Amino acid sequence: MPEPAPLVCMLSAAHPPADVRVVAKEGAALAEAGWRVLHLCPAPARQDASAPLREGAAPGAAGTVPESHAGVAIRTYRRGGGWRGRLLGIPALARRAAATGAAVLHASEPDAWAAAILAARRNGARVVLDVHEHYPSRLDSRLPPALRPLGRGAIRLACRLAGAAADAVVVAKDGLDADFGAPERIVPVRNYAAPSAVAPRGHGPGPLTLVHLGALGRSRGAMEMLDALALCPDGTRLRLVGRFTDNSEADFAARAAALALTGQVEQLGWMPHAQALEAAAGADIGLVLFQPGVENHRLALPHKLFDCMLAGLPIIAPAFAEEVAAVVREAGCGLLVETDDPGAVAAAVAQLSDPALRAEMGARGRAAALGRFGWRAEAARLVRLYHRLAPQQAEPEPVGLAITLPQAAG
């Protein structure tokens, strides 16, 4: 009887059980290529399994968590809330990771990186760091300007040490690799568009619906959306698919009421990815309104951009966001504006009131999301990396077969 394929543990300290990148893209690609894949992640507290945790929230009793998603087995654990809880939980997470017996630990946040490196010392597993953000700038908002260079320097040193201890560093977007050294171990696996069966929007005349997908908050332009909506023609609507993660929802509702816009804002809450795409395809214009002053916004490459492209929507996006702007320019699929200026956003909406222009940009964006900015090449690069790190001794099992996983301690 052939030996089972090596086990890959996607190790998360904050990502939800059915996370789009970690599970539905990366984990699914590895499972399809024949590896056994497990996502070890925090238990969500009474929320959709694909929704991100609110900032500072502690996971509670598991809500509705599937046993598997996209061919990836899911196992949850409890951890403390906030950064203190996460840091104190690193040793326990390392023990859980080591107990899986995985051949590769694919870690998705800095505390998960540390846990994976500690676990690998116990059981000899290979370690892959998955870098989604620009971490050296994460403390900028919490430090006085004079101390920010020191804070960035300390985090860069930690990133370089983690990169040196890992077997590979996967980066979700360009501009993240410089802090990890060892360019021969850097593997770009960008957050490009996974194929979807969503039917693209058929654009026509009439009042417009603007849509924003994903996590909401002040830094993502929630208040600017309302101010821009107030400047748009009567009948223009705003559709929100996602939820607030920074506790600003009450302020958003109060501002909408003050601007007499409550009836024009449709809040659908968090939805599974396929349903969110359908909701986007029922709108007319996709919004990506990251606000300036945040390094991670300058380097952002969000799922919402490619989801709107797949749905055939033109995009209004920030001119300062280098990664997003490069995609929009190359694909010719939207307008770039100063997103902290509601008047500029409203002017872009007015320009896109022409259904022929929306249809043209939407078609270009969808073609780019299915081709140049599609997930296939990124998945192939990830699979090639894993053939080096954990080669399979037997023929891959057909996708969809159940896999047996060892029980983790704790």
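Residues numbered from 1 in each chain as written. Predicted model: local features only at pLDDT ≥ 70, side-chain atom pairs only at ≥ 80, totals over all residues. Heavy atoms only, no water.

**Q** Outline the environment of alanine 168, supporting the account with residue identities and numerical values.
**A** Summarising the element assignment, alanine 168 is placed in strand β7 (residues 168–171). Residue alanine 168 is classed as buried on the basis of its relative accessible area of 2%. As a C-alpha pair, alanine 168 and valine 187 span 19 residues in sequence and 7.1 Å in three-dimensional space. (Helix = DSSP H or I, 4+ residues; strand = E, 2+ residues; numbered from the N terminus. Buried < 20%, exposed > 50% of the residue type's maximum accessible area, 1.4 Å probe, protein only.)

**Q** Summarise unusual backbone geometry; cite the residues concerned and give the values.
**A** Of note in this structure, alanine 70 is not a glycine but carries a positive phi near 55°. By the element assignment, alanine 70 lies in the loop between β3 (68–69) and β4 (72–77). Even without being glycine, alanine 260 reaches a positive phi, approximately 60°. Take alanine 260: it is sitting in the loop between α7 (249–258) and β11 (265–269).

**Q** Would you mind going over the nonpolar core in detail, with residue names and values included?
**A** Counting residues in hydrophobic clusters, the biggest one holds 38 residues, and the most contacted among them are Leu11, Leu105, Trp113, Leu129, Val131 and Phe180. Looking at this core, the element that brings in the most residues is helix α4 (residues 110–123), giving 7 residues. In contact with phenylalanine 180, not counting residues within four places along its chain, are Trp113, Leu129, Val131, Cys159, Arg160, Gly163, Val169 and Ile186. (Core = buried A, V, L, I, M, F, W, Y, C linked by side-chain atoms within 4.5 Å. Contact = heavy atoms within 4.5 Å.)

**Q** I'd love a proper account of the pattern of salt bridges, names of residues and values included.
**A** On inspection of all chains with the given rule, the structure shows 19 salt bridges. A salt bridge links arginine 190 to aspartate 174; the nearest nitrogen and oxygen atoms lie 3.2 Å apart. Taken together, the residues span a long stretch of sequence, with arginine 190 in the loop between β8 (186–188) and β9 (209–213) and aspartate 174 in the loop between β7 and β8 at a distance of 16 residues. Exposure remark for arginine 190: the relative accessible area of 17% places this residue in the buried category. One salt bridge connects arginine 255 with aspartate 227, and the closest N-O pair in it is separated by 2.8 Å. Remark: aspartate 227 occurs in helix α6 (residues 222–231) and arginine 255 occurs in helix α7; sequence separation between them is 28 residues. When its relative accessible area of 35% is taken as the criterion, arginine 255 is described as partly exposed. Through salt bridges with shared partners, a single ionic network connects Asp174, Arg190, Glu378 and Arg381. (Salt bridge = Lys/Arg side-chain N within 4 Å of Asp/Glu carboxyl O.)

**Q** Just give me the short version of the sheet that holds strand β12 (residues 285–287), but keep the residues and values in it.
**A** Taken together, the 6 strands give an open sheet; going across it, the order is β11-β10-β9-β12-β13-β14, and neighbouring strands pair in parallel fashion. Looking at which strands have only one partner, the edges of the open sheet turn out to be β11 and β14 (334–337). Direction aside, neighbouring strands of the sheet carry axes that sit 25° apart on average. In terms of strand pairing, β9 meets β12 through 2 bridges, oriented parallel. Residue pairing across strands places leucine 210 opposite isoleucine 285, the latter belonging to β12. Across the sheet, helix α11 (residues 322–331) is in contact with β13 (315–318) and β14; its angle to β14 comes to roughly 145°. Along the sheet, helix α12 (residues 342–351) makes contact with β9, β12, β13 and β14, crossing β14 at roughly 160°. (Pairing = 2+ DSSP bridges. Axes fitted to C-alpha atoms, helices over the stretch in contact; angles between N-to-C directions.)

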